[in-house]
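Listed below, chain by chain, are the residues.
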Amino acid sequence: MNQPCLHPDDLPSPQTIKVSEILFRQLEEATKKSFFLTCDRMTRILLSSCHWYFQINSGVLTLILICNNMESYRSIMKTVPQFADRLKQFANRAKITVSSPIDKGIPWVLSIDNVLPEGDLPST
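Residues numbered from 1 in each chain as written. Predicted model: local features only at pLDDT ≥ 70, side-chain atom pairs only at ≥ 80, totals over all residues. Heavy atoms only, no water.

Each helix and strand counted, the protein has three helices and four strands in total. For the protein, the α and β elements follow one another from N to C terminus as α-α-β-β-α-β-β. A burial count over the protein gives 31% of its 124 residues as buried. Of the contacts formed within the protein by residues at least 6 apart in sequence, a portion of 53% connects residues at least 24 apart. In the structure as shown, the protein presents an accessible area of about 8,700 Å², 55% of it carried by carbon and sulfur atoms. (Helix = DSSP H or I, 4+ residues; strand = E, 2+ residues; numbered from the N terminus. Buried < 20%, exposed > 50% of the residue type's maximum accessible area, 1.4 Å probe, protein only. Contact = heavy atoms within 4.5 Å. Areas by Shrake-Rupley, 256 points an atom, 1.4 Å probe, with all protein chains shown as cover.)

The following block contains the structure:
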């Protein structure tokens, strides 16, 4: 097991860690609401067809989308460039994770900097 290099007095207190976790959850929820409001009607309907949320880990904002069926998965994958453009309004460094229905494949993890423009996407 790794032992911290810092003296215990130099580490954050358990209370500070808990407050930080609460603040991160609140930031994730506020980002989710703001992101949803920036989307057009069709994108909102598409988001409503799956489970989605934001997570912040090591300073990287990640949009996590979990699709319930293959139809919503295909639709979400076609919309990834739009999601990437919208995420750029919220963070300089962000990722998108798209999970297909259970046992139908592995999750895609894409950095918003590596997403192809909509016109350059391969046809499905």
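Backbone-to-backbone hydrogen bonds pair the strands of a sheet. The strands run either parallel or antiparallel. Taken in spatial order, the four strands make up an open sheet running β1-β2-β3-β4, and their pairing is mixed. Strands with a single pairing partner mark the edges of an open sheet, and in this sheet they are β1 (50–57) and β4 (108–111). Ignoring which end each strand starts from, the neighbouring axes of this sheet average 20° apart. (Pairing = 2+ DSSP bridges. Axes fitted to C-alpha atoms, helices over the stretch in contact; angles between N-to-C directions.)

Here we come to the confidence of the model for the protein. Scored by pLDDT, the protein has a mean of 86; 89% of the residues are at 70 or more. Long-range and interchain partners of residues 119–124, a stretch whose pLDDT sits below 50, account for five contacts in this model, where long-range means more than four residues apart. (pLDDT = per-residue confidence, 0-100.)

This part takes up the packing of aromatic side chains. Tallied over the entire structure, the rule returns six aromatic pairs. A centroid spacing of 5.3 Å and a plane angle of 80° characterise the contact between Phe-35 and Phe-54, whose relative ring orientation is edge-to-face. Note that Phe-35 is positioned in helix α1 (residues 14–38) and Phe-54 in strand β1, a separation of 19 residues in sequence. Owing to a relative accessible area of 4%, Phe-54 belongs among the buried residues under this scheme. (Phe/Tyr/Trp six-rings, centres within 6.5 Å; stacked < 30°, edge-to-face > 60°.)

Another aspect to go through is α1. Working note: α-helix, 3.6 residues per turn, so residues spaced by three or four point in the same direction. Between the first and last C-alpha of α1 there are 36 Å, a value that for 25 residues agrees with the 36 Å anticipated at 1.5 Å per step. Those residues of α1 not exposed but buried are Glu-28, Thr-31 and Phe-35. Residues of α1 that are buried in the fold lie against α2 (41–48), β1, β2 (60–67) and α3 (70–87). (Expected span 1.5 Å × (residues − 1).)

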